Amino acid sequence: MAEPLRTFVGGVEVEVPNSIPDIRAALPEERREEFDRAINGAGVYEIHAVMRHWMLEAVPDPEAEALLTRLAADEAERRGVA
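Treat the numbers as computed from the prediction; the structure is a model and nothing was measured.

Novice: Provide a residue-level description of the overall build of the protein, including the pertinent values.
Specialist: In terms of helices and strands, the protein carries four helices and two strands. Looking at the protein as a whole, 18% of its 82 residues are labelled buried. When contacts within the protein are restricted to residue pairs at least 6 apart in sequence, those whose partners lie at least 24 apart make up 40%. A total accessible area of about 6200 Å² is found for the protein, and carbon and sulfur atoms account for 56% of it.

Novice: Please provide a residue-by-residue account of the nonpolar core, values included.
Specialist: Within the largest apolar cluster, 12 residues are counted, these being V9, V16, I23, L27, F35, I39, V50, M51, W54, M55, A58 and V59. Secondary structure elements with two or more residues in this core: helix 2 (29-41) and helix 3 (47-57). Excluding residues that lie within four positions of it along the chain, M55 makes contacts with L5, V16, P17, N18 and I23.

Novice: Break down the packing of helix 2 against helix 3 for me, with residues and values.
Specialist: Contact geometry of helix 2 with helix 3 gives a least axis separation of 10 Å together with a crossing angle of 165 degrees. Considering the angle they form, helix 2 stands roughly antiparallel to helix 3. Helix-helix and strand crossings are classified by hand; for helix 2 and helix 3 the assignment is left-handed. Contacts between helix 2 and helix 3 involve R31, E34, F35, A38 and I39 on the former and, on the latter, I47, V50, M51, W54 and E57. Classifying every residue of the contact of helix 2 with helix 3 gives seven nonpolar, no polar and three charged.

Novice: Explain the side chain of R32 to me, using residue names and the numbers behind them.
Specialist: One can find R32 in helix 2. Of note is the side chain of R32, whose polar atom sits 3.0 Å from the backbone oxygen of L27. Dropping the residues within four chain positions of it, R32 is found in contact with R24, A25 and L27.

Novice: I'd love a proper account of the pairing of strand 2 (residues 12-16), names of residues and values included.
Specialist: Pairing between strand 1 (residues 5-9) and strand 2: five bridges, direction antiparallel. Directly across from R6, in strand 2, lies its bridge partner E15. What sits between strand 1 and strand 2 in their antiparallel hairpin is a turn of two residues, with G10 showing a positive phi close to 60 degrees.

Novice: For the side chain of S19, give the residues involved together with the corresponding values.
Specialist: As for its position among the elements, S19 is in the loop between strand 2 and helix 1 (20-26). Polar side-chain contacts of S19 include one of 3.2 Å to the side chain of D22.

What counts as what
Residues numbered from 1 in each chain as written. Predicted model: local features only at pLDDT ≥ 70, side-chain atom pairs only at ≥ 80, totals over all residues. Heavy atoms only, no water. Helix = DSSP H or I, 4+ residues; strand = E, 2+ residues; numbered from the N terminus. Buried < 20%, exposed > 50% of the residue type's maximum accessible area, 1.4 Å probe, protein only. Contact = heavy atoms within 4.5 Å. Areas by Shrake-Rupley, 256 points an atom, 1.4 Å probe, with all protein chains shown as cover. Core = buried A, V, L, I, M, F, W, Y, C linked by side-chain atoms within 4.5 Å. Axes fitted to C-alpha atoms, helices over the stretch in contact; angles between N-to-C directions. Parallel < 35°, antiparallel > 145°, perpendicular 65-115°, else oblique. Left-handed = near helix turned anticlockwise from the far one by under 90°. Nonpolar A, V, L, I, M, F, W, Y, C, P; charged D, E, K, R; others polar. Polar contact = N/O pair within 3.5 Å; in protein donor to acceptor, adjacent residues only side chain to side chain. Pairing = 2+ DSSP bridges.

Right, here's the structure in full:
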């Protein structure tokens, strides 16, 4: 079994899953089917990037999510969609 990685989210150290089964288990139920498709469709040259993407998605970062929400709202306002 792969050793979990560690990172800081909001100043708190958290484990980042580091294997396909652990990443899948850490994801919300509604995201697992998409994860399965991405992993199963990845070739030898893409698998690392696909795993990195989903590893980070499995570890929620409220600060990053708030920033993305604010940027999306700013863009919608700029386009007159809000």
